[in-house]
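Residues per chain are reported as follows:
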Amino acid sequence: MTDTMTRTRLLPSYVQDAWWEPASDEGATVVRDASTGEEVARVSTAGLDLPGALEHARTVGQHSLAPLTFHERAILLKQMALALTERKSELYELSSRTGATKHDSWVDIDGGIGVLFTYSSKGRREMPQSTIYLDGPVEQLSKDGSFLARHICTTLPGVAVQINAFNFPVWGPLEKLAPAFLAGMPTVIKPATPTGYVTEHMVRILVESGLVPAGAIQLVSGSARDLLDHLRLGDTVSFTGSAATAASLRLHDAVQTGGVRFTVETDSINASVLGPDAEPGSPEFDAFVRGLVSEMTSKAGQKCTAIRRALVPSGMTDAVAEAVRERIVAKVVVGDPRAEGVTMGPLASLEQRDEVLGQVMKLREGGGQIVVGGDAGEVRLADGSLGVAEGGAFVAPTLLAFRDAEADALHDIEAFGPVSSLVEYGSPEQAAEIVARGGGSLVTSVASHDPVFVAELTRRIAPHNGRVLLLDRDDMRASTGHGSPLPMLVHGGPGRAGGGEELGGIRSVLHYMQRTAVQGSPTMLTALTGVWHQGAPASTEAPHPFRKSLAELKVGDQVISERREISLEDIEHFAEFTGDRFYAHMDQAAAEANPFFPGRVAHGYLLLSFAAGLFVEPAPGPVLANTGLDNLRFMTPVSPGDSLRVTLTAKQITPRETDPYGEVRWDAVLTNQDDEVVAQYDLLTYVAKTQEDASIPPVASA
């Protein structure tokens, strides 16, 4: 652990590829250890050249990052994840000062690193070895195929600014950085002040790794109140925080009229619903209680996805409250997270503690009665005794019960800490209405083993949520939990939750790109996209395309096969050999009665097999393996006596950065003797990068 991590210091920013500190600590904000109150750092941006940092990203950052292909950026994300993994113990040590337990830190630190790994994998597997992403299929704009259109996505020309909340100082920045970086957009990270020292060290590790392209990542430690004043068209802002702050930022001229993209994820009155079938002692009842207690105590309840309203069937309040109380007493140990056995730490700051206690008071004044915690219960402390944790920013897990499901406080007030409320419902319709009263949520979970109830409720609540977790005995062991956003699933929600989307796999990468409809000839679209379009020039010059390595193969290389006549004997042999005796192939009268067939016809898969025999070059060579077919369509029936020809064209070539081979996507078109298209599909193959690599079998990449 370095001295800069243990002594009180002015927390530096990282701008224009250099570490920067203010000239003095006059007026700086003091950040303290959440458990002990010890001063950790002082934070100030007095004198910081914020416009210069933004312009550095738009120029130097864009010039170094945007020209890289998606695969090259994806490899860098993996390397950055490995660099953070190697030094994550340093982050864990700092994280404990924020009040996070080891498990809390695992969710934040390992979760954030996992996002980098996921986007690295998705970038290499789901995006091309290119800087242009094709969105959707070709649109035919003319009968003769001479005029086409494609939707393409290209990197936005500005800077991705992220404004993060205090509760996830590692995961928060990384879940925004990963898709922006993969899109080719440089990022400016603005962490929340109370936990920004953890983010600063995360950025320091990345900088010291030497992996960060110039200008691609910058860090502003401290206030940036005039940030939006310096943004313009081509820039983006991703904000996580309070709904009130988001509303004020959304009204800024840069967002309203300046074209700055603004994505919001805010506080959310999330719900969990216990199904009527889930009696005490059932797996669903136990899972509901476990989930509720976990969401109340993980990160001390400081999660935008935490359960704030627990909906239970009529008459179940007392049973659920007792089960929650028993689990908290048995499982929850409150104290300094560095102490042995502690399972829940303090809130991030004394100010946050006072805010939560104030919100609990408002919930009580609005009709809530404390049934667990506070005046009604105790927690197990680190010394083994029962009591209420004192000192530091501690708040005991607190569960309230509302007798009136219409109480405004239940649906409007969020205590951003270890606080949740119970409320009863009488029917699926009423449960859905209660969920909707939250005004839009990030997530709702449903614990039930009744498919009818689950299906009806989910249809009603889905429009009010960004994510719905259906929890029952069949998936409870595998479930990642109510409050865990996953990088491959959308994180966000409508209404109060912000109306934005983050994560969701490649969906979030496209948030940092401009979608453009491009119209033109097949030749021009091929030149622009690097993907061959039918009607563009093709080369049938020898050698056979299957004899060419990636170094030799060109988009548009093509082979046109000889013809092969399909006989009735071929059809009957295939039927007997495979067991596929479907009547359209074997029964003339039945086939003629079918409106789609003129009589007995060839099997579609027989045609594919014959097609392979027509275009394949059989000798060992650069083509290593056939990995599948995409977009297969059978278009014209083939009768006995018809003949078949195949035109195979190299459509897209995707070398793999870390392997001695790549993927080639071939356009395959089967036509009959009248030049009617019989079938069409994309053939996928692995092809060696060089002739020397042709003897190396493909090995799946991590």
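Structure: above.
Residues numbered from 1 in each chain as written. Predicted model: local features only at pLDDT ≥ 70, side-chain atom pairs only at ≥ 80, totals over all residues. Heavy atoms only, no water.

Colleague: With reference to specific residues and values, describe the nonpolar core.
Modeller: The biggest cluster of nonpolar side chains holds 58 residues, and the ones touching the most others in it are Leu 274, Leu 311 and Val 324. Among the elements that line this core, the one with the most residues is helix 10 (residues 283-297), at 6 residues. Apart from the residues within four sequence positions on either side, Val 324 is in contact with Val 289, Leu 292, Val 293, Val 372 and Leu 399. Counting residues in hydrophobic clusters, the runner-up holds 55 residues, among them Leu 65, Ala 83, Cys 153 and Ile 205. (Core = buried A, V, L, I, M, F, W, Y, C linked by side-chain atoms within 4.5 Å. Buried < 20%, exposed > 50% of the residue type's maximum accessible area, 1.4 Å probe, protein only. Helix = DSSP H or I, 4+ residues; strand = E, 2+ residues; numbered from the N terminus. Contact = heavy atoms within 4.5 Å.)

Colleague: If you had to explain the packing of aromatic side chains to someone new, which residues and values would you point to?
Modeller: This model, assessed by the stated rule, comprises 9 aromatic pairs. Both rings, one in Tyr 14 and one in Trp 19, keep their centres 4.9 Å apart while their planes meet at 55 degrees; by these two values the pair is tilted. Judged by its relative accessible area of 9%, Tyr 14 falls in the buried class. Here Trp 19 falls in the partly exposed class, since its relative accessible area comes to 31%. Between Tyr 605 and Phe 634 the ring centres are 5.9 Å apart and the planes differ by 90 degrees, which places this aromatic pair in the edge-to-face class. Taken together, the positions of Tyr 605 in helix 21 (residues 604-615) and Phe 634 in strand 28 (residues 623-634) put the pair 29 residues apart, joining distant regions of the chain. Taken together through their ring pairs, the aromatic side chains of Phe 546, Phe 615 and Trp 666 make up a single cluster. When the ring centre of Phe 168 is taken as origin, the NZ or CZ atom of Lys 299, which lies over that ring, is 5.0 Å away. (Phe/Tyr/Trp six-rings, centres within 6.5 Å; stacked < 30°, edge-to-face > 60°. Lys NZ or Arg CZ within 6 Å of the ring centre and 35° of its normal.)

Colleague: Could you give an account of the packing of helix 3 (residues 70-86) against helix 7 (residues 196-209), naming the residues involved and the relevant values?
Modeller: Direction vectors running N to C along helix 3 and helix 7 enclose 115 degrees, while the axes themselves pass 9 Å from each other. Like other packed secondary-structure pairs, helix 3 and helix 7 cross with a definite hand, here right-handed. Between helix 3 and helix 7, the contacting residues are Met 80, Ala 83 and Leu 84 on the first element and Met 202, Ile 205, Leu 206 and Ser 209 on the second. A class-by-class count of the residues in the contact of helix 3 with helix 7 yields 6 nonpolar, 1 polar and no charged. (Axes fitted to C-alpha atoms, helices over the stretch in contact; angles between N-to-C directions. Left-handed = near helix turned anticlockwise from the far one by under 90°. Nonpolar A, V, L, I, M, F, W, Y, C, P; charged D, E, K, R; others polar.)

Colleague: Now, about the sheet that holds strand 21 (residues 441-447): what can you tell me, with residues and values included?
Modeller: In space, the 7 strands of this open sheet follow the order 16-19-20-14-13-21-22, with mixed pairing throughout. At either end of the open sheet lies a strand with only one pairing partner, and these are strand 16 (368-372) and strand 22 (465-471). On average, each strand axis in the sheet is inclined to that of its neighbour by 25 degrees, with strand direction left out of account. Against the sheet, helix 10 engages strand 13 (270-274), strand 14 (307-313), strand 19 (398-402), strand 20 (419-425), strand 21 and strand 22, with an angle of about 160 degrees to strand 14. (Pairing = 2+ DSSP bridges.)

Colleague: Give me the pattern of salt bridges: which residues, what numbers.
Modeller: The full count for this structure, using the stated rule, is 36 salt bridges. The salt bridge involving Arg 42 is made with Glu 39; its shortest N-O contact spans 2.6 Å. Under the relative-accessibility criterion, Glu 39 is labelled buried at 19%. Of the charged contacts in the structure, one is a salt bridge between Arg 496 and Asp 267, with a shortest N-O distance of 3.9 Å. One end of the pair, Arg 496, is in the loop between strand 23 (490-492) and strand 24 (501-503); the other, Asp 267, is in the loop between strand 12 (261-266) and strand 13, with 229 residues separating them in the sequence. Residue Arg 496 is classed as partly exposed on the basis of its relative accessible area, which comes to 24%. Overall, the relative accessible area of 15% leaves Asp 267 in the buried class. Beyond isolated ion pairs, a larger network of salt bridges with shared partners links Asp 33, Glu 38, Arg 97, Asp 336 and Arg 338. (Salt bridge = Lys/Arg side-chain N within 4 Å of Asp/Glu carboxyl O.)

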